[in-house]
Amino acid sequence: MNLVLNTIGASVDNDMICPLIPDKKEVEIINTSDMKIAHCMGCNQCWLKTPGICAIKDDYESILKKLVQAENLWLASDTRFGFLDYRGKRMMDRIMPMLNMTVGFRDGWMRHEMRYHPLNIGLLYKGDADQAKMEDWCKRTAANIGGHSLGAIPLEKTSETTLNYKLSTINSKPSHLIIINGSPRVAKFSNTDKIIHSFAKGLEETGITWELHNLSNRKEWDATREAILTHERTLIAFPLYVECVPGLMLEFLETLPTERQQPGELSFLLHGGMDEGNEFRLCERFLKGLPTQLGCSYGGTLIHGGSFRIRTAKADIAEKMVAPYVNMGRLFAQKGNFLTPEATKFAGPEQYPWLLRKMVSLLFLKKVNEEFDHFAKEWGCTRPLNDKPYS
Ligand SMILES: Cc1cc2nc3c(=O)[nH]c(=O)nc-3n(C[C@H](O)[C@H](O)[C@H](O)COP(=O)(O)O)c2cc1C
């Protein structure tokens, strides 16, 4: 069955969508634009407390039940910054209950184990977009759910957007840094928060002052916008969500003006659950093109994987995991950006070679998956982590 989630609304009707679906055997189109659907807040309950069931009680549950029956998922989405807009991205961020938290290697890459069957992913998009990025996102997202890409197809004739980027133009050393935690997870439980505090120790050693803003708290958004617009340097630190920026962070970015009165530079600290550097490359390409669209220059992206466990590991181990960021804070303080060989190296290996994959599976992932199990029991989970509540 082909399930189409139309996040655009009435301006795209079924007559526009149907001819674009190659296999017309069975097509169900759901208009999600007037449904109540919140952003994934990364609470992890669908993995560790009520496996397969989302903690947010809104209209997404009915979609999840359909996804379990579907073979092909088509996402119809508007675009922004040459990529999915926040309404489309939000829909995909909520797909997490289709996977298990446990990780292993599939087709040579570290991935979550599937809760149900493989799902193929296609995109129908409206507006200007970077076609190559859209195709890559489809491939990567489908592979994460064991499926293949159905392609990224424009709904109307559009001009292709290749976003140029303007490298750092600010030469002065930083004295004050605005740091934004772009995670939807409340700061108290956010891995990004722990990473930021470790990074900031390095800044503080060199006398740089900093202030923190959390996008998980919408009440802070006005003050955050003001801080970005009135300061020279901003660092946005955030977790990778379904191969790119979390839907909530996209929604915030969409509220920023496209021009500014004074020079501004945006740098990024991007981390995520999977270890391999390759996991972050599509998002990195998206980030390169973002600052120019907000009237800023690009100060580079610091990338590092393997952050799932910061939350589930014991405090001393979590502390060790974030310790390397102190040095990255020191380096940022010297240069004012991440456009340095040391920052590039921080991403680690692009892909584990075959032998290392075997060793990581046997010696490390087995232990990590047991740790998830243990953590789930502490949370009062009474079902197996690979439970299939909707089948
Ligand atoms: C909705 C969602 C999507 C995610 N997608 C990815 C992903 O595509 N690749 C990855 O490596 N990690 C992914 N992660 C893992 C997070 O990046 C990781 O757990 C991170 O440490 C969370 O940081 P936080 O606690 O600050 O939110 C995802 C997590 C969630 C909740």
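Residues numbered from 1 in each chain as written. Predicted model: local features only at pLDDT ≥ 70, side-chain atom pairs only at ≥ 80, totals over all residues.

What to know about the overall build of the protein
Piece 1. When its secondary structure is counted, the protein shows 14 helices and 13 strands.
Piece 2. The globule rule puts the C-alpha radius of gyration for 391 residues at 21 Å, and the 21 Å found for the protein is close to it.
Piece 3. The principal-axis extent of the C-alpha atoms belonging to the protein is close to 65 × 50 × 40 Å.
Piece 4. Across the 391 residues of the protein, 44% fall into the buried class. (Helix = DSSP H or I, 4+ residues; strand = E, 2+ residues; numbered from the N terminus. Rg over C-alpha atoms; globule rule 2.2 N^0.38 Å. Buried ≥ 20, exposed ≤ 12 C-beta atoms within 10 Å, placed from the backbone.)

Quick look at the packing of helix 5 (residues 131-144) against helix 9 (residues 281-293)
Each packed pair of helices is defined by two parameters, the angle between the axes and the distance between the axes.
Piece 1. For the pair helix 5 and helix 9, the least separation of the axes is 10 Å and the interaxial angle reads 155°. By the criterion of interaxial angle, the relationship of helix 5 to helix 9 is roughly antiparallel. Both helix 5 and helix 9 take part in a crossing whose hand is left-handed. Judged by residue contacts, Lys133, Asp136, Trp137 and Arg140 of helix 5 engage Leu282, Arg285 and Phe286 from helix 9.
Piece 2. Partitioning the contact of helix 5 with helix 9 into residue classes produces three nonpolar, no polar and four charged. (Axes fitted to C-alpha atoms, helices over the stretch in contact; angles between N-to-C directions. Parallel < 35°, antiparallel > 145°, perpendicular 65-115°, else oblique. Left-handed = near helix turned anticlockwise from the far one by under 90°. Contact = placed C-beta atoms within 7 Å. Nonpolar A, V, L, I, M, F, W, Y, C, P; charged D, E, K, R; others polar.)

With respect to the environment of Asn337
Piece 1. As for its placement among the helices and strands, Asn337 is situated in the loop between helix 12 (324-335) and helix 13 (341-345).
Piece 2. A C-alpha to C-alpha distance of 6.3 Å links Asn337 and Gly300, two positions 37 residues apart in sequence.
Piece 3. With near-sequence residues (within four places) excluded, Asn337 lies in contact with Ser168, Ser267, Gly299 and Gly300.

Examining the site of the ligand
Piece 1. Close contacts around the ligand come from 20 residues, with Ser183, Thr192, Pro239, Gly272 and Gly273 the closest.
Piece 2. Classifying every residue of the shell around the ligand by side-chain character gives eight nonpolar, eight polar and four charged. (Near = placed C-beta within 6 Å.)

Some thoughts on the sheet that holds strand 12 (residues 265-271)
Piece 1. Spatially, the five strands line up as an open sheet ordered 10-9-11-12-13, and their pairing is parallel. Where the open sheet ends on each side, the last strands, each with one partner, are strand 10 (209-214) and strand 13 (297-304). Across the sheet, the axes of successive neighbouring strands diverge by a mean angle of 20°, strand direction being ignored.
Piece 2. For strand 12 and strand 13, the ladder comprises six bridges, and the chain directions are parallel. In the sheet register, Leu269 faces strand 13, and the bridge partner there is Leu302. (Pairing = 2+ DSSP bridges.)

Brief notes about the packing of helix 6 (residues 191-205) against helix 12
Piece 1. Close contact between helix 6 and helix 12 brings their axes to 6 Å; oriented N to C, the two are set at 45°. One way to sum up the angle between helix 6 and helix 12 is to call them oblique. Seen from above, helix 6 lies across helix 12 with right-handed handedness. Across from Ile195, Ser198, Phe199, Ala200, Lys201, Gly202, Leu203 and Glu205 in helix 6, the residues of helix 12 making contact are Tyr325, Val326, Asn327, Met328, Gly329, Arg330, Phe332 and Ala333.

Looking at unusual backbone geometry
Piece 1. A positive phi angle, close to 55°, is found at Asp107, a residue other than glycine.
Piece 2. One can find Asp107 in the loop between strand 5 (99-106) and strand 6 (109-114).
Piece 3. Located in the positive-phi region is Glu243, a residue other than glycine, with phi close to 70°.
Piece 4. Topologically, Glu243 is positioned in the loop between strand 11 (233-239) and helix 8 (247-253).

Here's the deal with the domain arrangement of the protein
Piece 1. Assigned domains of the protein: these are domain 1 (2-154) and domain 2 (176-345).
Piece 2. Between the C-alpha centres of domain 1 and domain 2 the distance comes to 26 Å.
Piece 3. Residue-level contacts link 23 residues of domain 1 with 22 residues of domain 2.
Piece 4. Taken together, the elements giving at least two residues each to the side of domain 1 that touches domain 2 come down to helix 4 (86-93), strand 6 and helix 5.
Piece 5. A breakdown of the residues in the side of domain 1 that touches domain 2 according to their chemical character gives eleven nonpolar, four polar and eight charged. (Domains from an automatic or database assignment.)

Some details on the pairing of strand 12
Piece 1. Summarising burial for strand 12: seven of the seven residues are buried, a large majority.
Piece 2. Residues of strand 12 alternate between two faces, with Glu265, Ser267, Leu269 and His271 on one and Leu266, Phe268 and Leu270 on the opposite face, all of them buried.
Piece 3. Taken together, strand 12, helix 9 and strand 13 constitute a β-α-β crossover, and its handedness is right-handed. (Right-handed = clockwise from strand over helix to strand, strands pointing away.)

Re helix 12
Piece 1. If you check helix 12, its first and last C-alpha atoms are 18 Å apart, about what twelve residues at 1.5 Å a residue would give, namely 16 Å.
Piece 2. For helix 12, the complete set of buried residues consists of Tyr325, Met328, Gly329 and Phe332. Buried residues of helix 12 fall within an arc of 105° about the axis and therefore sit on the same side.
Piece 3. Packed against the buried residues of helix 12 are helix 6, strand 13, helix 11 (315-322) and helix 13.
Piece 4. Directly after helix 12, the chain includes Gly336, whose backbone phi takes a positive value near 80°. (Expected span 1.5 Å × (residues − 1). Arc of directions from axis to C-beta.)

Overview of the nonpolar core
Piece 1. With 91 residues, the main nonpolar core has Ala76, Ala237, Cys244 and Cys283 as its most contacted residues.
Piece 2. Counting contributing residues, this core receives three or more from each of domain 1 (2-154) and domain 2 (176-345).
Piece 3. Apart from residues no more than four positions distant in its own chain, Cys283 is found in contact with Leu240, Glu243, Cys244, Val245 and Leu270. (Core = buried A, V, L, I, M, F, W, Y, C linked by C-beta atoms within 7 Å.)

As for the pairing of strand 11
Piece 1. For strand 11, the tally of buried residues reaches seven of seven residues, placing the bulk of the element in the interior.
Piece 2. Residues of strand 11 alternate between two faces, with Arg233, Leu235, Ala237 and Pro239 on one and Thr234, Ile236 and Phe238 on the opposite face, all of them buried.
Piece 3. Two elements, strand 9 (residues 176-181) and strand 11, share four bridges in a ladder whose sense is parallel. Bridged to Ile179 within strand 11 is Leu235.
Piece 4. By the bridge criterion, seven bridges tie strand 11 to strand 12 in an arrangement that is parallel. Across the sheet, Thr234 pairs through a bridge with Leu266, a residue of strand 12.
Piece 5. Read as a crossover between parallel neighbours, the route from strand 11 over helix 8 to strand 12 is right-handed.

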